[in-house]
Amino acid sequence: MTRFGPFLHIIQFVLFVLVQGLLINEIDLGPNTHPLLHILFILALPLELPVWLLMCIAFAYGVCIDTFTSTIGMHTSAMVLLAGARPIVLRLISPRDGYEPGQLPTISFMGIRWFLLYGAIMTLIHHIWYFFIEKMSFADAGDTLMRILLSSLATLILMIITQYLFFRLARR
Amino acid sequence: MRNIIHLLYKYNAVLVFIVLQVVCFALIFTYSSFHRSSYFNSSLTVVGWMKDVTYNINEPFIAMKENDQLREENAKLNDKMPENYYRLEKNAVVINDTMYQQQFTYLPSQVIDNSFDRTQNYLLIDIGYDKGVKADMGVIGPNGIVGFVKDAGPKYSLVIPIINPNFHTAVKLKKNNYFGMIDWSGGDPGVAVIKGLTKTAPVEIGDTVVTKGANGRFPAGLLVGTVKKAEEVAGRNDYDLEIELSTNFLNLHHAYVIVNKFKDEYMSIRDSIPQE
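Residue positions are given per chain, counted from 1 along the sequence in the order it is written. Starting at A for chains and at 1 for ligands, labels are handed out in the order in which the entities are written. Thresholds applied to this predicted model are a pLDDT of at least 70 for local features of residues and 80 or more for the giving and counting of side-chain atom pairs; totals over whole chains, interfaces and linings are not thresholded and use all residues.

For the rest of this paragraph, the subject is the pairing of strand S9 (residues 208–211) of chain B. Residues and elements named next belong to chain B. The pairing criterion is simple: DSSP has to find at least two bridges between the two strands. Helix and strand labels come from DSSP, where a helix needs a run of H or I of at least four residues and a strand needs a run of E of at least two; each type is numbered from the N terminus. Examined bridge by bridge, strand S6 (residues 170–173) and S9 share three bridges and lie antiparallel to one another. Residue Lys172 lies in a different strand from S9, and its bridge partner there is Val210. Alignment of S9 against strand S10 (residues 223–232), held across three bridges, turns out to be antiparallel. Residue pairing for S10: Val210 is matched across the bridge by Leu223.

Taken together, the contact between chain B and chain A spans 22 residues of the former and 20 residues of the latter. Of all the secondary structure elements, the ones that give two or more residues to the side of chain B that touches chain A are helix H2 (12–31) and helix H3 (38–79) of chain B. With 11 residues, the single largest contributor to the side of chain B that touches chain A is H2 of chain B. Note on residue categories: nonpolar means Ala, Val, Leu, Ile, Met, Phe, Trp, Tyr, Cys or Pro, charged means Asp, Glu, Lys or Arg, and polar means any other residue, Gly included. Per-class residue counts for the side of chain B that touches chain A are 13 nonpolar, seven polar and two charged. In this description, any two residues whose backbone-derived C-beta atoms lie within 7 Å of each other are considered to be in contact.

Right, let's get into the sheet that holds strand S5 (residues 157–161) of chain B. Pairing between the strands of a sheet is mediated by backbone hydrogen bonds and can be parallel or antiparallel. All names here are of chain B. Here we have six strands rolled up into a closed barrel, ordered S1-S2-S5-S4-S3-S12, and antiparallel in their pairing. When strand polarity is set aside, the average angle formed by the axes of neighbouring strands in this sheet is 45°. Bridge count for strand S1 (residues 104–114) against strand S2 (residues 123–125) is three bridges, and the pairing is antiparallel. Bridge pairing links Asn114 to Leu123 in S2. Axis definition: a line fitted to C-alpha atoms, over the contacting stretch in the case of helices. Angles run 0 to 180 degrees between N-to-C directions.

Turning our attention to unusual backbone geometry. Residue and element names in this part refer to chain B. Backbone geometry places Asp136, a non-glycine residue, at a positive phi of 80°. One can find Asp136 in the loop between S2 and strand S3 (138–141). Backbone-placed C-beta atoms define the burial measure: a residue is buried with 20 or more other C-beta atoms within 10 Å of its own, exposed with 12 or fewer, and partly exposed in between. The exposure class of Asp136 is partly exposed, given the 15 C-beta atoms found within 10 Å. Non-glycine residue Asn177 carries a positive phi angle of around 65°. Along the chain, Asn177 falls in the loop between S6 and strand S7 (179–183). Since 11 C-beta atoms lie within 10 Å of it, Asn177 is described here as exposed.

Secondary-structure assignment places His168 of chain B in the loop between S5 and S6. When the C-alpha positions of His168 of chain B and Trp184 of chain B are compared, they lie 8.3 Å apart, and in sequence the two are 16 residues distant.

Right, dumping it as structure tokens:
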């Protein structure tokens, strides 16, 4: 990662917005499954970023995602929450020796088992917030929970596939 | 003072978080009331162009099925042309008709992006104010009403469909003109709820529901759907009424924007209703 510097993440920003906005939003997996792969961008940012900067990046990123779905503010709010929760989650599940400098919180650096835990917690936080905001009420909470669970599962699977297919070059 | 700065520095993350979330929620809640904002006009242009490109890639696959549907619709419209009617009274005198003035015209458009499985659903159509589309105009599809225009960019417009909680319009039963408000609050994109239809109205399953023509968006009598469920609930004086929407949002690809030529007059008359 250090070899590419911030450029890798800037390219990821654009690619994730386009892939989520033009491709993944168009995939129809039934009424309850909406994979939100774009959160992987926030998940994979460098560990050293201060949380306020992380949240500002998340805000700009969320606005871009929202533009594609015409849901101004909803994705943005969920993105900011995700960014705010990230350092706390990272501290909770930190490896015994702590994180090494230059590491990224992705499968290629941390291994699949660590990432499954990290990804699952982060996805659930984001999806619970997002789908309740989308619905704007706690009525039919059962339906919304179903939506959250199915979508989280789809997101997690997509995140793992994406990393195995496209994130490998980051290691070398 | 130093303590305050120290405190702000210590909790800067919490502070940034709260500020950003407040901005987000302000955006979410004000969005439902801001029309034609400059942000939306410019973003509609860019996103619209990108969605147009993806649509063009998909179009050949959609076109074949779509052509059949359009042909059918054309045939139906052709049937209504006056020259298709046989005059029964050969002796009647033909007079030039000045009794009618056209009130509604239709602008054809393609739906280049639509969502139907979310709670806040939207459509994007490929005409904008360059072609005369303005915010608040009605939109219909081949099978019935679709929604209304929320924002019009130069070449693209954003449509709020029936299957969005922000869509409300007055509808009535075709057979006896009893009316209610259409409402949709999530779930099945083929089913909407009608609120406020009085229990004294006779309703049967399968009754046709059409627009009332009350807000100047739609002419009266456009197809909305058919009654699917009508139950009386104790303690309420309206029906628990569900209708099956005639528009299928899952394969909607052609839509017409309705231009109401009398809208200004209608609005000024309506605004003169005294408010208490």
